[in-house]
Amino acid sequence: MNGDVKIAPSWKEMLKPEFEKPYFKSLIEFVKSEYKAQTVYPPGKEIFKAFDCADFEQVKVVIIGQDPYHGPGQANGLCFSVREDVTMPPSLKNIFKEIHNDLGKPIPKNGDLERWAKQGVLLLNATLTVRASAPGSHQKKGWEDFTDAVIRLISEKRKNIVFLLWGAYAQKKGDLIDRNKHLVLMSAHPSPFSADRGFFGCRHFSKTNEYLKSKGQKEIDW
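Throughout, residues of each chain are indexed from 1 in the direction in which the sequence is written. For a predicted model such as this one, the threshold for reporting local features is a pLDDT of at least 70, and the threshold for listing and counting side-chain atom pairs is 80 or more; totals across whole chains, interfaces and linings nevertheless cover every residue. Water and hydrogen atoms play no part in the side-chain values, which are based on all heavy atoms of the structure.

Participant: Quick question: what am I supposed to make of the packing of aromatic side chains here?
Facilitator: Each aromatic ring pair is specified by the distance between its two centres and by the angle formed by the two planes. Each pair of aromatic rings taken from Phe, Tyr and Trp, with Trp reduced to its six-membered ring, is defined by centres within 6.5 Å and is described as stacked if the planes are under 30 degrees apart, edge-to-face if over 60, and tilted in the remaining cases. Applying the stated criterion across every chain yields a total of 21 aromatic pairs. Judged by centre distance (6.0 Å) and plane angle (65°), the ring pair of Trp143 and Phe146 falls under edge-to-face. With Trp143 and Phe146 both in helix H5 (residues 143-157) and three residues apart, the pair spans about one turn of that helix. Three labels apply to residues, based on accessible area from a 1.4 Å probe with only protein chains included: buried if under 20% of the type maximum, exposed if over 50%, partly exposed otherwise in between. Note on Trp143: relative accessible area 0%, which makes it buried. With relative accessibility at 0%, the residue Phe146 sits in the buried group. Taken together, Trp11, Phe19, Tyr23, Phe24, Phe48, Phe51, Phe56, Trp143 and Phe146 form an aromatic cluster joined through their ring pairs. Placement of a charge over a ring requires the Lys NZ or Arg CZ to be within 6 Å of the ring centre, with the centre-to-atom vector within 35 degrees of the ring normal. Here the basic side chain of Lys141 rests over the ring of Phe30, its NZ or CZ set 5.0 Å away from the ring centre. Each helix is a run of DSSP H or I of at least 4 residues and each strand a run of E of at least 2, with the numbering of both proceeding from the N terminus.

The structure is reproduced here in structure tokens:
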């Protein structure tokens, strides 16, 4: 692993066996060669940012995305999140709209979700890198195996985690989760193409907080 990559110590420990597997080594070779030859997002040091904002034991909620954003300066290593100075993408606007309707919170000025991540929301894309302007370009290279392993680890080693699965792609990952130990909430994707088909009105944010509270945990300040 590149020395610049930041990852919280407990995650490093938990993921060590995965980092040593042959598929992961060839994935890293592929990713390194892509960063050398192409424009790739997010910046290299932010690839594992989702695993750097909170330790393994601090995770309370998991949100699963698909690919990082593929436009200049958008991706920051957290799914659905963008840097402070970047225009909010439509899916993220819809997420904030639902939070506003669900909890009455004002829509924030920027779309950087690091403040969620630091409260224990793991914002996990299924694929952690992407080539500029080429969505899906780093799929089926090994990232999905890695993120499946992450979800399995959380499901097995932790309890009372809330998994938010928006859209068919994220819902496929639901098969990896032990629903006897965790809360799984599913809805349509927040994208403008599907938000009206069940994302708006899903009230996942208040439901998450009600569940956390019932388990004696601190609610998320969405």
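There is more to say after this.
Participant: I keep staring at the pattern of salt bridges and nothing clicks. Help me out?
Facilitator: Two side chains with opposite charge may pair up if their charged atoms get near one another. By definition here, a salt bridge exists when the distance from a side-chain nitrogen of Lys or Arg to a carboxyl oxygen of Asp or Glu is within 4 Å. Applying the stated criterion across every chain yields a total of eight salt bridges. A salt bridge links Glu46 to Arg83; the shortest N-O distance between them is 2.9 Å. Highlighted residues: Glu46 in the loop between strand E1 (40-41) and strand E2 (61-65) and Arg83 in the loop between E2 and helix H3 (90-103), separated in sequence by 37 residues. Judged by its relative accessible area of 26%, Arg83 falls in the partly exposed class. Note that Asp148 is salt-bridged to Lys173, the shortest N-O span being 2.4 Å. In this pair, Asp148 sits in helix H5 while Lys173 sits in the loop between helix H6 (167-172) and strand E6 (183-187), placing the two residues 25 residues apart along the sequence. Take Lys173: its relative accessible area is 6%, and that puts it in the buried class.

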